[in-house]
Amino acid sequence: MLNDVIVPDFRGQQALNAWLAGHDAGVLLQGPDPDSPQPVMNGIVVAQHPAPGVRVARWAPVTVWVRPGPDDDSGVREPRRPEPPVNTLKAEG
């Protein structure tokens, strides 16, 4: 049909890049829970539905599943090791 687009292969892409590529291709990427407050922006796309190469209506949703990427800085970082030496931090006066 005239307004159909072909779903790209988003697997292996950083989620933000996949989202931008989806927009350029005319589809809307969403996570498995479209009502989640977290947008699909972080991590690596590991699966998608519909599959790559499927023809869909322009701006149809494509569900993607992501896993944390190697550069994902989220998570707890405390306590730090090694700890700073005792009495090295001075109060500002």
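Residues numbered from 1 in each chain as written. Predicted model: local features only at pLDDT ≥ 70, side-chain atom pairs only at ≥ 80, totals over all residues. Heavy atoms only, no water.

Notes on the overall build of the protein
- Within the protein one finds 1 helix and 5 strands.
- For the protein, the succession of helices and strands along the chain, N to C, is β-α-β-β-β-β.
- Scored against the burial criterion, the 93 residues of the protein give a buried share of 24%.
- When contacts within the protein are restricted to residue pairs at least 6 apart in sequence, those whose partners lie at least 24 apart make up 69%.
- Working note: accessible area of the protein is about 7,100 Å², and carbon and sulfur atoms make up 55% of it. (Helix = DSSP H or I, 4+ residues; strand = E, 2+ residues; numbered from the N terminus. Buried < 20%, exposed > 50% of the residue type's maximum accessible area, 1.4 Å probe, protein only. Contact = heavy atoms within 4.5 Å. Areas by Shrake-Rupley, 256 points an atom, 1.4 Å probe, with all protein chains shown as cover.)

Overview of the nonpolar core
- Core analysis: the largest hydrophobic core is formed by 13 residues, its most contacted members being Phe10, Val27, Leu29, Val56, Val62 and Val64.
- Secondary structure elements with two or more residues in this core: α1 (15–25) and β5 (61–67).
- Setting aside its immediate chain neighbours within four residues, valine 62 contacts Val7, Phe10, Val27, Leu28, Leu29, Gln30, Gln48, His49 and Pro50. (Core = buried A, V, L, I, M, F, W, Y, C linked by side-chain atoms within 4.5 Å.)

Concerning the pairing of β5
- Relative to β5, strand β2 (residues 28–30) runs parallel, the two being bridged by 3 bridges. If you follow leucine 29 over to β5, its bridge partner there is valine 62.
- The pairing of strand β3 (residues 44–49) with β5 spans 5 bridges and is antiparallel. Bridge pairing in β5 places isoleucine 44 opposite arginine 67. (Pairing = 2+ DSSP bridges.)

Remarks on the side chain of threonine 63
- As for its placement among the helices and strands, threonine 63 is situated in strand β5.
- Relative accessible area serves as the criterion here: at 14%, threonine 63 is assigned to the buried category.
- Polar side-chain contacts of threonine 63 include one of 3.3 Å to the side chain of glutamine 30.
- For threonine 63, the residues in contact, after removing those within four places along its chain, are Gln30, Gly31, Pro32, Ala47, Gln48 and His49. (Polar contact = N/O pair within 3.5 Å; in protein donor to acceptor, adjacent residues only side chain to side chain.)

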